[in-house]
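Read off the chains here:
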Amino acid sequence: MVEDPVAKWEEFIRSRYWDELLELADSYPLRRSLSIKFPDIDRYDPEFADELLEKPGPLLEAAETALLEIDLPIDVVLEKAHFRIVGLPRRHKTSELRSDHIGRLIALEGLVRTVTEVRPKVVSAAFECQRCGHLFYKEQTTSKFQEPYDCPNEACDRRGPFKLLLDRSRFVDAQNVRVQESPEELRGGEQPQTLDVQLEDDLSGIIYPGDRVVINGVLRSYQRTTQTGKSTYFDLFLEGNSVEMMEQEFEEIDIKPEDERLIRELSTDPHIYENIRKSIAPSIYGYEEVKEALALQLFSGVSKGLPDGTRIRGDIHILLVGDPGIAKSQLLRYISKLSPRGIYTSGKSSTSAGLTATAVKDELGDGRWSIEAGALVLADKGIACIDEMDKMRSEDRSALHEAMEQQTISVAKAGVMATLKSRCALLAAANPKFGRFDKYEGIAQQINLSPALMSRFDLIFVLTDEPSDARDSQIARHIGQTTYAGEISSRGGYSKEELEAVMDVIRPAIEPEVLRKYIAYARKNVFPVLSDGARERLESYYVNLRKQGQDGNKPVPVTARQLEALFRLSESSARLRLSDEITGGDAERVIRIVEACLRQVGVD
Ligand code: ADP
Ligand code: MG
């Protein structure tokens, strides 16, 4: 135990953070926070540092007293300055928090899901006794407003009534945010756990839904109340001390040197396209072109910032339209698990935030408005898989136009305004309006999506369930073997040969774990550029498409968006084999996939 923590902090600041403190004093009160790296405290006095982690409450209070009392060469009083501690040794996920952590200083890592408006919160309430006129202050330390019990004036000592004097009370800005585990840390289908965090003063209003953050603070608990009274169960919240943004430093997936060697080796295999295609949803039969397109979506094109400040997305949006029962949902689920930061959701169900984002009241505390992130914000830098997109809410419909092209989502409701990032690829599925697809009708009339929205997809596949003896028996056999393999592996008791024989049917050419690393590696390190040959081929193909499209009855108009789509897809095609150059071969591959889409849409 430190005897005199205020003196200890003063000594620490004088010896290690004096320049930073002078800088703060210079810009005070515009800037009010002194940011201290935990390792510096640890090097200064490891025991003191440990004590800070164990019993942060009194030590953090002492630190702010030290800021107030320390002698400065300039004439300011750091009355409302804060001591912010960053760089704690270990970062926790919400699901790891246990009762042992209560009262300790911890680092919480995650994705911001909801934020409330910033509103004043009273920290020191001024009261006037209506009997004797005595003015006094009551510090507000909990979230429940504390009223005085009796008048502190000895001569009076009566129990009020008291009048709250707003203009004499002291307020700070305050905000609640809800943090959830990052989607890439969840095993398929697991529900993310959330934790609410209280932020005050200059920490409020700086983070938005969809941000990846580390919030350092003290874990607190409060008693739940139910209809029958107080419960023995307690809930947790974090009292925020500092916020670290993770935008840049976020490590996607840990790729070791031996992984890199394996990835490089796989990439030189002449069958790499086939191998990757076969590794996507191997339990689903057929759909070669769709799976090839999904592979390109996983690898993604390259996003580009133009000199005028605008940005062209690299993410590839794909729409699967088709009859019920043809494995659309299965494909989406598979991709959401395979993709780093993949999210699966349905257009009709999901949370109040829906697909984009929304402003909700009362979700997070005291009747304040809060902004909640939907799937496209939470999938930032990943893939949002949206099933039954035709059934989405009307608010989402209009917001999607912006989300798919500018990759931002604007919320403006009841005075709450924010622009959130949604730099994700969209993989959507939709069923035809009338139950089954009629191949003699245009697709635009048969799905409940506007042409403007459809034109934002890079690829649209129409999958129909036409009975065909050969295909049906193939699917039947495939499903039969898949089911059998699943049964065998879960029941056990079969010989190794038997197992090998059935598992061969559904074994991916590249294991999902390896493929995830491969994709992450390529997206991080490979930025291919067009060769002249590829550019010419794509441009002349586009000009031809435009010519064909002029008769005006095409379901989706051919616009410059399609040319961008062609470039994006070929970038991804080159990326897939870790090539820095987009070749004529990439152009041909992409044209073949686009042609397959157009044939199904019924353009020719
Ligand atoms: P959709 O979303 O298109 O209505 P689902 O994804 O729910 O269809 O699929 C229905 C069922 O049919 C799933 O169990 C799926 O595995 C099976 N199925 C349909 N087509 C195939 C196929 N080509 N290969 C393997 N299974 C299939
Ligand atoms: Mg479905």
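Residues numbered from 1 in each chain as written. Chains lettered and ligands numbered in written order. Predicted model: local features only at pLDDT ≥ 70, side-chain atom pairs only at ≥ 80, totals over all residues.

- As annotated in an unreviewed UniProt entry, the protein chain carries the name DNA helicase and is attributed to Methanothrix harundinacea.
- In UniProt, the protein chain has this text filed under Sequence similarities (unreviewed entry): "Belongs to the MCM family." (UniProt positions renumbered as here; feature names shortened; annotations may be inferred.)

1. Digging into the overall build of the protein chain
Item 1. The helix and strand tally for the protein chain stands at 19 helices and 23 strands.
Item 2. With respect to the principal axes defined by its C-alpha atoms, the protein chain has extents near 100 × 60 × 50 Å.
Item 3. Here the protein chain, with 604 residues, has 36% of them falling under the buried criterion.
Item 4. When contacts within the protein chain are restricted to residue pairs at least 6 apart in sequence, those whose partners lie at least 24 apart make up 70%. (Helix = DSSP H or I, 4+ residues; strand = E, 2+ residues; numbered from the N terminus. Buried ≥ 20, exposed ≤ 12 C-beta atoms within 10 Å, placed from the backbone. Contact = placed C-beta atoms within 7 Å.)

2. Concerning the site of ligand 1
Item 1. The environment of ligand 1 is formed by 13 residues, the closest being Tyr285, Ala327, Lys328, Ser329 and Gln330.
Item 2. Elements supplying a minimum of two residues to the shell around ligand 1: α9 (328–338) and α14 (469–491). (Near = placed C-beta within 6 Å.)

3. Quick word on the domain arrangement of the protein chain
Item 1. Looking at the protein chain, the domain boundaries give domain 1 (5–86), domain 2 (91–245), domain 3 (257–341 + 443–472 + 508–601) and domain 4 (348–423).
Item 2. Inter-centroid distance (C-alpha atoms) of domain 1 to domain 2 is 22 Å.
Item 3. Listed as interface residues are 13 residues of domain 1 and, on the opposing side, nine residues of domain 2.
Item 4. Among the elements of the structure, β1 (33–37), α4 (46–54), α5 (56–69) and β2 (82–86) are those that each provide at least two residues to the side of domain 1 that touches domain 2.
Item 5. Per-element accounting of the side of domain 1 that touches domain 2 gives the leading share, four residues, to β2. (Domains from an automatic or database assignment.)

4. Quick notes on the packing of helix α1 (residues 5–16) against α5
Item 1. One can describe the packing of α1 onto α5 by two numbers: an axis separation of 8 Å at closest approach and a directional angle of 60°. With respect to their mutual orientation, α1 and α5 come out oblique. Between α1 and α5 the crossing geometry is right-handed. Facing Pro5, Val6, Trp9, Glu10 and Ile13 of α1, the residues of α5 in contact are Pro58, Leu59, Ala62, Ala63, Thr65, Ala66 and Glu69.
Item 2. Taken together, the residues that form the contact of α1 with α5 break down as nine nonpolar, one polar and two charged. (Axes fitted to C-alpha atoms, helices over the stretch in contact; angles between N-to-C directions. Parallel < 35°, antiparallel > 145°, perpendicular 65-115°, else oblique. Left-handed = near helix turned anticlockwise from the far one by under 90°. Nonpolar A, V, L, I, M, F, W, Y, C, P; charged D, E, K, R; others polar.)

5. Some thoughts on the sheet that holds strand β13 (residues 318–322)
Item 1. Spatially, five strands are ordered β14-β17-β20-β13-β21 in an open sheet, and the strand pairing comes out parallel. Only two strands of the sheet have a single neighbouring strand rather than two, namely β14 (343–346) and β21 (459–463). With direction set aside, neighbouring strand axes in the sheet form an average angle of 15°.
Item 2. Two elements, β13 and β21, share five bridges in a ladder whose sense is parallel. Counterpart to isoleucine 318 in the pairing with β21 is leucine 459.
Item 3. Those strands touched by helix α8 (residues 288–299) are β13, β17 (383–387), β20 (425–430) and β21, and its axis lies near 155° from that of β13.
Item 4. Each of β13, β14, β17, β20 and β21 is contacted by α9, which is oriented at about 160° to β17, the strand it contacts most. (Pairing = 2+ DSSP bridges.)

6. Digging into unusual backbone geometry
Item 1. Backbone torsion omega between tyrosine 28 and proline 29 reads 5°, so that peptide bond is classified as cis.
Item 2. Positioned with a positive phi, tyrosine 287 is a non-glycine residue whose angle comes to about 55°.
Item 3. Inspection of the secondary structure assignment puts tyrosine 287 in the loop between α7 (272–278) and α8.
Item 4. Residue class for tyrosine 287 comes out buried when judged on the 20 C-beta atoms lying within 10 Å of it.
Item 5. One non-glycine residue, alanine 327, lies in positive phi territory at about 75°.
Item 6. By the element assignment, alanine 327 lies in the loop between β13 and α9.
Item 7. Taking the number of C-beta atoms within 10 Å as the measure of exposure, alanine 327 has 23 and is therefore buried.

7. Focus: the packing of helix α17 (residues 532–548) against helix α18 (residues 560–576)
Item 1. It is the contact of α17 with α18, at a shortest axis distance of 10 Å, that shows an interaxial angle of 145°. In this structure, α17 meets α18 at a crossing whose hand is right-handed. Residues Ala534, Leu538, Tyr542 and Leu545 of α17 form the contact with α18, whose participating residues are Gln562, Leu563, Leu566, Phe567 and Ser570.
Item 2. Tallied by class, residues from the contact of α17 with α18 come to seven nonpolar, two polar and no charged.

8. Concerning the nonpolar core
Item 1. Ile318, Ile335, Leu376, Ala384, Cys385 and Leu427 are the most contacted members of the largest nonpolar core, which totals 128 residues.
Item 2. Among all residues touching isoleucine 318, those that are not within four sequence positions of it are Ala293, Leu294, Gln297, Leu427, Phe457, Asp458 and Leu459.
Item 3. Membership of the second largest hydrophobic core comes to five residues, among which are Ala125, Phe127, Cys129 and Phe162. (Core = buried A, V, L, I, M, F, W, Y, C linked by C-beta atoms within 7 Å.)

9. As for the pairing of strand β7 (residues 162–180)
Item 1. Direction of pairing for strand β4 (residues 105–116) relative to β7: antiparallel, over a ladder of four bridges. Note that in β7 the partner of threonine 114 across the bridge is arginine 178.
Item 2. In this sheet, β7 lies alongside strand β5 (residues 119–129) in antiparallel orientation, the contact comprising nine bridges. The partner of proline 120 across the bridge, within β7, is aspartate 173.

10. Observations regarding the environment of threonine 94
Item 1. Turning to its location among the elements, threonine 94 is positioned in the loop between β3 (91–92) and β4.
Item 2. For threonine 94, a count of 20 C-beta atoms within 10 Å translates into the label buried.
Item 3. For the pair threonine 94 and alanine 384, spaced 290 residues apart in sequence, the C-alpha separation works out to 23 Å.
Item 4. Excluding its chain neighbours within four sequence positions, the residues that come into contact with threonine 94 are Leu108, Gly110, Val179, Gln180, Glu181, Gln193, Thr194 and Leu195.

11. Focus: the environment of arginine 589
Item 1. Mapped onto the elements, arginine 589 comes out in helix α19 (residues 584–601).
Item 2. A sequence separation of 363 residues divides arginine 589 from threonine 226, and the C-alpha atoms of the two residues are 61 Å apart.

12. Some points on the confidence of the model for the protein chain
Item 1. Per-residue pLDDT for the protein chain has a mean of 86; in total, 90% of the residues score no lower than 70.
Item 2. Reported confidences for the modelled complex are a pTM of 0.78 and an ipTM of 0.98. (pLDDT = per-residue confidence, 0-100.)

13. So, the pairing of strand β6 (residues 135–139)
Item 1. As paired elements, β5 and β6 share five bridges and run antiparallel to each other. Residue serine 124 lies in a different strand from β6, and its bridge partner there is glutamate 139.
Item 2. The turn joining β5 and β6, which pair antiparallel and follow one another in sequence, is formed by five residues; a positive phi near 80° is taken by glycine 133.

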